[in-house]
Amino acid sequence: MAATHSISTRTRAATTSGIAALVLLAVAIVLPAFASRSLIQDLFFILTMLTLAQFWNLLAGYTGLVSVGQQAFVGFGAYMLFGSTILWGVNPVAALALSGLFALLLAIPTAFFVFRLSGAYFAIGTWVVAEVVRLSVAQWQAVGGGTGTSLPRDARDAMWGVEWIEVFFDVRSSEARDILAYWLALALAAATIGGIYWFLRTRRGLALAALRDNVEAAKSVGVDANRMKWIVFLVAAFGTGIAGGLIFLQNGRISPDSAFAVTQWTAFVIFIVVIGGIGTIEGPIIGVLVFFILQEALADFGAVYLIVLGLLGIAIMLFAQRGLWGLFSDRTGIQLFPVRRRLVTPDRGNS
Amino acid sequence: MIWIDTIVQGVLLGGLYALFAAGLSLVFGIMRLVNLAHGDLIVMAAYLILVVVSVLGLNPFVAAVIAAPIMFVFGWILQKGVLNRTLGEDILPPLLVTFGLSVVIQNALLEGFSADSQRISMGPLETASVSAGPVTVGLLPLLTFASAILVIVGLNWIFYRTSIGRAYRATSDDPVTASLMGIRPDRVFASAMGLALIVVTIAALYLGTRSNFDPYVGPARLIYAFEAVIIGGLGSLWGTLAGGVIIGVAQTVGASINPEWQILAGHVAFLVVLLIRPRGLFPRAVD
């Protein structure tokens, strides 16, 4: 009877959460019909930070590539979006693909360089590369040099779908652009989470999880660690670049300091991942919610929320290294995105 | 002849960067701790000196002497209470905890002192200069460079001539074996961090007198310091000085070609050195 055993990653909680996720996605798609503009903007912020956090988590949580330089890809992706719309007249929505593509191209020489370094040197190396990209972009006069530039009016008005949204929801064009950006962010976040979940359940994903748990052991059973690093680094750069393009498309204004901000695009993202729980898909989702709630709750106290955020990050790292989701998951055994393979016997009831 | 002047200014600037980097090099070399809050600790010490100067009306040099033991105690407690728990194989915990510390320090300083930029006044010393042939150098940059050398000589003396220095080297090589010989690594690390923060206070003195500072300038200083440490090679303090000088000279040479290239040139020099020597120029300790 052994032949009828099978390997599965499915759990009851996951089936429930899978259905819940689809319902949530459906609600999120139709949300602009009811929601206020500020809620749409808040959700846009949450979704883009979530995307950045998922990619950083993929890097650091699974392959141990602790990058402090992801703002290089956020900023470069955003700048290529502005560059291609201003210089080549590309539609801003189409230019999002270029954001990802150029971030990917930047990632290739970056990887050649930073993969020669390990551990702490890698972290600092990525940061210096990001600074070099920032300072180089600041020399690019066509997109405003060191002071930055705004997205031209005609490019903004030409964005695909905006007119349709204006008519359909009966809103002004600025609000229609926010709705479009929100949908794009939703699609990006859903594709990111779905894509990572799918990837982790493939053979390569198993190799990645093995690397996360023990590099030497994974190598000994034939996992090509270097190849996995390359794949993950390039994929993360691509996704981070698109997210960067989208963030500044919605923003409408860009400058080297805001596009390559280490605090905003790397430090906060690291906090989100670590507070939520590193090395899980659920972690960044929990983390971004905590981050957002903290920001809203302490909005009236200025810099205090950053102090609280920093202290919370430190406390989690010291006392609960697997984050809030880890604490919850360890106690309940619940996994919303199960990637662990389990042996399933077909007639469990009779045995 | 202008080239000689550019190089000399670059070397002196390198002294400042080496001073920023010496404390970092110390903790990195002894306990492999990547301290991302190092730049913010320098800024914090600068504010401490500023407070002592304005409250007690003292000379900045005397104020630094008062600030140094306070910073030592702060470093000791920080290491013993927090950072020791993060040390281990995984580099993420120290990285994240010091990143968190960096955000906390920056914003606490912002709450306490506002975002206005500050400066520690040194009076006539700020503009004094000496001439040697075609080259004129400021007295303050010269003093900075001399301090960097003194700090490195002093640290090397502690490292190679004292019993605590022997404990540092032993723990750096192998904390487990060192603890078998009666050394307590947690205390050794705590005193090393305290010592590093004394160096930080000296760096803060020159940071605060040579240019304006505000709560957010830490990370920019930190990156030069890290570059100096990495170029120099793990565990070599003279290497750190050499690294600082390379960054400093690259910056002044870059700036003399095009003012906008100053910082970029420093980073490019760092990348080039690392491309050729991934472990730095003079690595002493094995990673």
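Residues numbered from 1 in each chain as written. Chains lettered and ligands numbered in written order. Predicted model: local features only at pLDDT ≥ 70, side-chain atom pairs only at ≥ 80, totals over all residues. Heavy atoms only, no water.

A. The overall build of chain B, seen in detail. Along the backbone of chain B there are eleven helices and two strands. The N-to-C order of helical and strand elements in chain B reads α-α-α-α-β-β-α-α-α-α-α-α-α. Against the globule reference of 19 Å for 287 residues, chain B gives a C-alpha radius of gyration of 19 Å, in line with a compact fold. With the principal axes as the frame, chain B shows a C-alpha extent of 60 × 50 × 35 Å. A fraction of 76% describes how many contacts in chain B between residues 6 or more apart in sequence connect residues 24 or more apart. If you sum the accessible surface of chain B, you get close to 11,400 Å²; carbon and sulfur atoms cover 67% of it. Separation between the mean location of the 14 positive side-chain charges and that of the 14 negative ones in chain B comes to 13 Å. (Helix = DSSP H or I, 4+ residues; strand = E, 2+ residues; numbered from the N terminus. Rg over C-alpha atoms; globule rule 2.2 N^0.38 Å. Contact = heavy atoms within 4.5 Å. Areas by Shrake-Rupley, 256 points an atom, 1.4 Å probe, with all protein chains shown as cover. Lys, Arg positive; Asp, Glu negative; His and termini not counted. Charge placed at Lys NZ, Arg CZ, Asp CG, Glu CD.)

B. Region of the structure containing the interface of chain A and chain B. Of the residues lining the interface, 40 residues belong to chain A; the matching set on chain B comes to 40 residues. Taken together, the two surfaces of chain A and chain B that pack against each other cover about 3,600 Å², and 83% of this comes from carbon and sulfur. If you look at where chain A meets chain B, you find four residue pairs in polar contact (both at pLDDT 80 or more). Among the elements of the structure, α5 (119-137), α13 (262-276) and α15 (304-319) of chain A are those that each provide at least two residues to the side of chain A that touches chain B. With twelve residues, α5 of chain A is the largest single contributor of residues to the side of chain A that touches chain B. In terms of residue class, the side of chain A that touches chain B is made up of 30 nonpolar, eight polar and two charged. (Buried area = accessible area lost by both parts, 1.4 Å probe. Polar contact = N/O pair within 3.5 Å; in protein donor to acceptor, adjacent residues only side chain to side chain. Nonpolar A, V, L, I, M, F, W, Y, C, P; charged D, E, K, R; others polar.)

C. Region of the structure containing the pattern of salt bridges. All names here are of chain A. Applying the stated criterion across every chain, the model contains seven salt bridges over all chains. The partner of Arg212 in a salt bridge is Asp213, with the nearest N and O atoms 3.2 Å apart. The salt bridge involving Arg322 is made with Asp330; its shortest N-O contact spans 2.6 Å. Among the residues examined, Arg322 registers a relative accessible area of 45% and is labelled partly exposed. The network of salt bridges with shared partners includes Glu131, Arg134 and Asp257. (Salt bridge = Lys/Arg side-chain N within 4 Å of Asp/Glu carboxyl O. Buried < 20%, exposed > 50% of the residue type's maximum accessible area, 1.4 Å probe, protein only.)

D. Structural context of the nonpolar core. Membership of the largest hydrophobic core comes to 217 residues, with the highest contact counts inside it found for Met49, Phe233 and Phe248 of chain A together with Leu36, Ile49 and Phe213 of chain B. By residue number, the principal contributor to this core is helix α1 (residues 2-31) of chain B, which donates 15 residues. Once residues within four sequence positions are removed from consideration, Phe213 of chain B is found in contact with Val43, Ala46, Tyr47, Leu50, Asp116, Ser117, Gln118, Arg119, Ile120, Leu207 and Gly208 of chain B. (Core = buried A, V, L, I, M, F, W, Y, C linked by side-chain atoms within 4.5 Å.)

E. Structural context of the packing of helix α2 (residues 38-56) of chain B against helix α3 (residues 60-81) of chain B. Residues and elements named next belong to chain B. Viewed as axis vectors pointing N to C, α2 and α3 meet at an angle of 130°, and their least axial separation amounts to 9 Å. Between α2 and α3, the angle falls in the class oblique. α3 is crossed by α2, and the crossing has right-handed handedness. Between α2 and α3, the residues in contact are Leu41, Met44, Ala45, Leu48, Ile49, Val52, Val53 and Leu56 and Pro60, Ala63, Ala64, Ile66, Ala67, Ile70, Met71 and Phe74, respectively. Residue classes in the contact of α2 with α3 are distributed as 16 nonpolar, no polar and no charged. (Axes fitted to C-alpha atoms, helices over the stretch in contact; angles between N-to-C directions. Parallel < 35°, antiparallel > 145°, perpendicular 65-115°, else oblique. Left-handed = near helix turned anticlockwise from the far one by under 90°.)

F. Structural detail: the confidence of the model for chain A. Mean pLDDT over chain A: 88, with 97% of residues reaching 70 or higher. For chain A, per-element mean pLDDT is lowest for strand β4 (residues 342-344) of chain A, which scores 73, and highest for helix α3 (residues 71-88) of chain A, which scores 94. (pLDDT = per-residue confidence, 0-100.)

G. Seen up close, helix α11 (residues 262-276) of chain B. Taking 1.5 Å of rise per residue, 15 residues should cover 21 Å, and α11 of chain B covers 22 Å from first to last C-alpha, within 8% of that figure. Turning to α11 of chain B, its buried residues number three or more, namely Leu264, Gly266, His267, Ala269, Phe270, Leu271, Val273 and Leu274 of chain B. (Expected span 1.5 Å × (residues − 1).)

H. View of the environment of Leu43 of chain A. By the element assignment, Leu43 of chain A lies in helix α2 (residues 37-63). When the C-alpha atoms of Leu43 of chain A and Thr202 of chain A are compared, they prove to be 31 Å apart, with 159 residues separating the residues in sequence.

I. Fine view of the side chain of Thr86 of chain B. Examined against the element boundaries, Thr86 of chain B turns out to sit in the loop between α3 and α4 (92-113). A residue is classified by how much of its surface remains accessible, and Thr86 of chain B, at 4% relative accessible area, is buried. Among the polar contacts listed, one links the side chain of Thr86 of chain B to the backbone oxygen of Leu83 of chain B, at a separation of 2.6 Å. Thr86 of chain B has contacts with Leu318 of chain A together with Leu33, Pro93, Pro94 and Val97 of chain B, leaving out every residue within four places of it along the chain.

J. Main features of the side chain of Thr240 of chain A. By the element assignment, Thr240 of chain A lies in helix α11 (residues 225-251). For Thr240 of chain A, the contacting residues outside a window of four places in its chain are Leu52, Phe55, Gln70, Phe73 and Val74 of chain A.

K. Broad picture of the packing of aromatic side chains. Residues and elements named next belong to chain A. Applying the stated criterion to the full structure yields 23 aromatic pairs over all chains. Arranged with centres 5.9 Å apart and planes meeting at 85°, the rings of Phe73 and Phe233 form a pair that is edge-to-face. Within this pair, whereas Phe73 is found in helix α3, its partner Phe233 is found in helix α11, the two being separated by 160 residues in sequence. Take Phe73 and Phe233: they sit in the same class, and that class is buried. Taken together, a centroid distance of 5.3 Å and an interplanar angle of 75° make the contact between Tyr197 and Phe337 edge-to-face. In this pair, Tyr197 is assigned in helix α8 (residues 173-201) and Phe337 in the loop between α16 (323-332) and β4, connecting sequence segments 140 residues apart. Here the aromatic residues Phe73, Phe112, Phe115, Phe122, Trp230 and Phe233 are joined through ring pairs into a cluster of three or more. (Phe/Tyr/Trp six-rings, centres within 6.5 Å; stacked < 30°, edge-to-face > 60°.)

L. Fine view of the pairing of strand β2 (residues 135-138) of chain B. All names here are of chain B. Judged by which residues are buried, β2 turns out to be one-sided: Val135 and Val137 face inward and are buried, whereas Thr136 and Gly138, on the alternate face, are not. Alignment of strand β1 (residues 129-132) against β2, held across four bridges, turns out to be antiparallel. Looking at β2, one finds that Ser129 is bridged to Gly138. What sits between the antiparallel neighbours β1 and β2 is a turn of two residues, in which Gly133 has the positive phi angle 60°. (Pairing = 2+ DSSP bridges.)

M. Up close: unusual backbone geometry. Of note in the backbone geometry, Asp170 of chain A takes a positive phi value of approximately 55° without being a glycine. Looking at the element boundaries, Asp170 of chain A is found in the loop between α7 (162-169) and α8. For Asp170 of chain A, a relative accessible area of 68% gives the class exposed. Even without being glycine, Ser114 of chain B reaches a positive phi, approximately 65°. Here Ser114 of chain B lies in the loop between α4 and β1.

N. Region of the structure containing helix α14 (residues 282-297) of chain A. Residue and element names in this part refer to chain A. Here α14 spans 23 Å end to end across 16 residues, near enough to the 22 Å set by a 1.5 Å rise per residue. Along α14, the residues classified as buried are Glu282, Gly283, Pro284, Gly287, Val288, Val290, Phe291, Phe292 and Leu294. Residues of α14 that are buried sit in contact with α2, α13, α15 and α16.

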